[in-house]
Amino acid sequence: GAVVSQHPSRVICKSGTSVKIECRSLDFQATTMFWYRQFPKKSLMLMATSNEGSKATYEQGVEKDKFLINHASLTLSTLTVTSAHPEDSSFYICSAMNLAGIGTHYEQYFGPGTRLTVT
Amino acid sequence: QQPVQSPQAVILREGEDAVINCSSSKALYSVHWYRQKHGEAPVFLMILLKGGEQKGHEKISASFNEKKQQSSLYLTASQLSYSGTYFCGTSMVTSGTYKYIFGTGTRLKVLA
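Residues numbered from 1 in each chain as written. Chains lettered and ligands numbered in written order. Predicted model: local features only at pLDDT ≥ 70, side-chain atom pairs only at ≥ 80, totals over all residues. Heavy atoms only, no water.

**Section: the nonpolar core**
Soluble globular proteins: nonpolar side chains tend toward being buried together.
Part 1 of the argument: Counting 25 residues, the largest nonpolar core has Val4, Trp35, Phe67, Ile69, Leu79, Tyr92 and Leu116 of chain A as its most contacted members.
Part 2 of the argument: Elements with a minimum of two residues in this core: β2 (10–13), β3 (19–25), β4 (30–38), β5 (44–51), β7 (67–73), β8 (76–81), β9 (90–98) and β11 (114–118) of chain A.
Part 3 of the argument: If we ignore the near neighbours within four places in the chain, the residues touching Ile69 of chain A are Trp35, Ala48, Ser50, Ala56, Tyr58, Ser77, Thr78 and Leu79 of chain A.
Part 4 of the argument: Core analysis: the second largest hydrophobic core is formed by 20 residues, Ala18, Cys22, Val31 and Trp33 of chain B among them. (Core = buried A, V, L, I, M, F, W, Y, C linked by side-chain atoms within 4.5 Å. Buried < 20%, exposed > 50% of the residue type's maximum accessible area, 1.4 Å probe, protein only. Helix = DSSP H or I, 4+ residues; strand = E, 2+ residues; numbered from the N terminus. Contact = heavy atoms within 4.5 Å.)

**Things to note about the sheet that holds β3 of chain A**
All names here are of chain A.
Part 1 of the argument: One open sheet holds the four strands; their spatial order is β1-β3-β8-β7, and the pairing between them is antiparallel. Bordering the open sheet on either side are β1 (4–7) and β7, each of which pairs with just one other strand. Strand-to-strand, the axes of this sheet are offset by a mean angle of 15°, without reference to chain direction.
Part 2 of the argument: Note: β1 against β3, four bridges, orientation antiparallel. Its bridge partner being in β3, Ser5 is matched across the sheet by Arg24. (Pairing = 2+ DSSP bridges. Axes fitted to C-alpha atoms, helices over the stretch in contact; angles between N-to-C directions.)

**Some details on the interface of chain B and chain A**
Part 1 of the argument: Opposite the 23 residues of chain B that make contact, chain A presents 25 residues.
Part 2 of the argument: When chain B packs against chain A, close to 1,900 Å² is buried across both sides, 60% of that on carbon and sulfur atoms.
Part 3 of the argument: In terms of surface lost to chain A, no three residues of chain B exceed Tyr98, Tyr100 and Phe102 of chain B, which account for 27% of the buried area on that side.
Part 4 of the argument: Linking chain B with chain A are four residue pairs in polar contact (both at pLDDT 80 or more).
Part 5 of the argument: Those elements giving two or more residues to the side of chain B that touches chain A turn out to be β4 (31–36), β5 (43–48), β9 (84–94) and β10 (97–102) of chain B.
Part 6 of the argument: For the side of chain B that touches chain A, the element with the most residues is β10 of chain B, which contributes six residues.
Part 7 of the argument: Residue classes in the side of chain B that touches chain A are distributed as 12 nonpolar, eight polar and three charged. (Buried area = accessible area lost by both parts, 1.4 Å probe. Polar contact = N/O pair within 3.5 Å; in protein donor to acceptor, adjacent residues only side chain to side chain. Nonpolar A, V, L, I, M, F, W, Y, C, P; charged D, E, K, R; others polar.)

**Observations concerning the environment of Ala2 of chain A**
All names here are of chain A.
Part 1 of the argument: By the secondary structure assignment, Ala2 is in the segment before β1.
Part 2 of the argument: C-alpha of Ala2 to C-alpha of Phe28: the two residues are 26 residues apart in sequence and 6.8 Å apart in space.
Part 3 of the argument: If near-sequence neighbours (up to four positions away) are discounted, Ala2 is found in contact with Asp27, Phe28 and Tyr109.

**A few points about unusual backbone geometry**
Part 1 of the argument: That bond from His7 of chain A to Pro8 of chain A is cis: its omega, 0°, falls within 30 degrees of zero.
Part 2 of the argument: Mapping Pro8 of chain A onto the fold places it in the loop between β1 and β2.
Part 3 of the argument: The peptide bond linking Ser6 of chain B to Pro7 of chain B adopts the cis configuration, its omega dihedral lying at -5°.
Part 4 of the argument: Its place among the elements puts Pro7 of chain B in the loop between β1 (4–6) and β2 (9–13).
Part 5 of the argument: Its identity as a non-glycine residue notwithstanding, Lys41 of chain A has a phi of 65°, on the positive side.
Part 6 of the argument: You can see Lys41 of chain A is positioned in the loop between β4 and β5.

**As for the packing of aromatic side chains**
Part 1 of the argument: Taken as a whole and judged by the stated rule, the model has 12 aromatic pairs over all chains.
Part 2 of the argument: Considering the side-chain rings of Phe34 of chain A and Tyr36 of chain A, the 6.3 Å spacing of their centres and the 40° angle between planes classify their relative orientation as tilted. In terms of burial, Phe34 of chain A and Tyr36 of chain A fall into one category: buried.
Part 3 of the argument: Where Tyr34 of chain B meets Phe44 of chain B, the ring centres are 5.9 Å apart and the plane angle is 70°; that geometry is what we call edge-to-face. In this pair, Tyr34 of chain B sits in strand β4 while Phe44 of chain B sits in strand β5, placing the two residues 10 residues apart along the sequence.
Part 4 of the argument: For Tyr34 of chain B, a relative accessible area of 0% gives the class buried.
Part 5 of the argument: A relative accessible area of 24% places Phe44 of chain B in the partly exposed class. (Phe/Tyr/Trp six-rings, centres within 6.5 Å; stacked < 30°, edge-to-face > 60°.)

See below:
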């Protein structure tokens, strides 16, 4: 199946700093990438939908100025957590959708996730 | 809007069966099932598209009801490796935006 990488896998940062997480589709083009956040023992909550070349669509309650998403190419989307605080500590997962999958039965391909700890 | 799964958690002994349900207040275009191990990304299990569909194999199978509002995942003769959290997932279009969301999740633990 298709491969999605996510970097870094783990990051520890100090409160007030910014952290960038990269999500790359390695062997296919992804017009749409999704960013999720997962707290311990909870479901994956959709944060935003990232479309190549356009602004991301954020879910209600997600601060767009805090969680900056850039989808500059068909293989790369980035999530930047700005001025991170301890409550931003979480597991962040991206997924990518194959261009050919839109409107048909498709499979999402997930990155391995990034564990963010803000001290 | 988020599909609701039941039960929230289940503990089994090796060899026992389990059923996990995923319910939506609205008809779903499709439903996907995933298993997630702790600290890892979800792993795709299967997709169901049509009302009344059943698919899978002897050990792990799933069904999608005629109204496409409920799906069930069947785990037969469970193995230790089945432990994890199971999620159903579905796509939807809201205000012209395509999005993909997950159900509430079911934690399953298989004991030896």
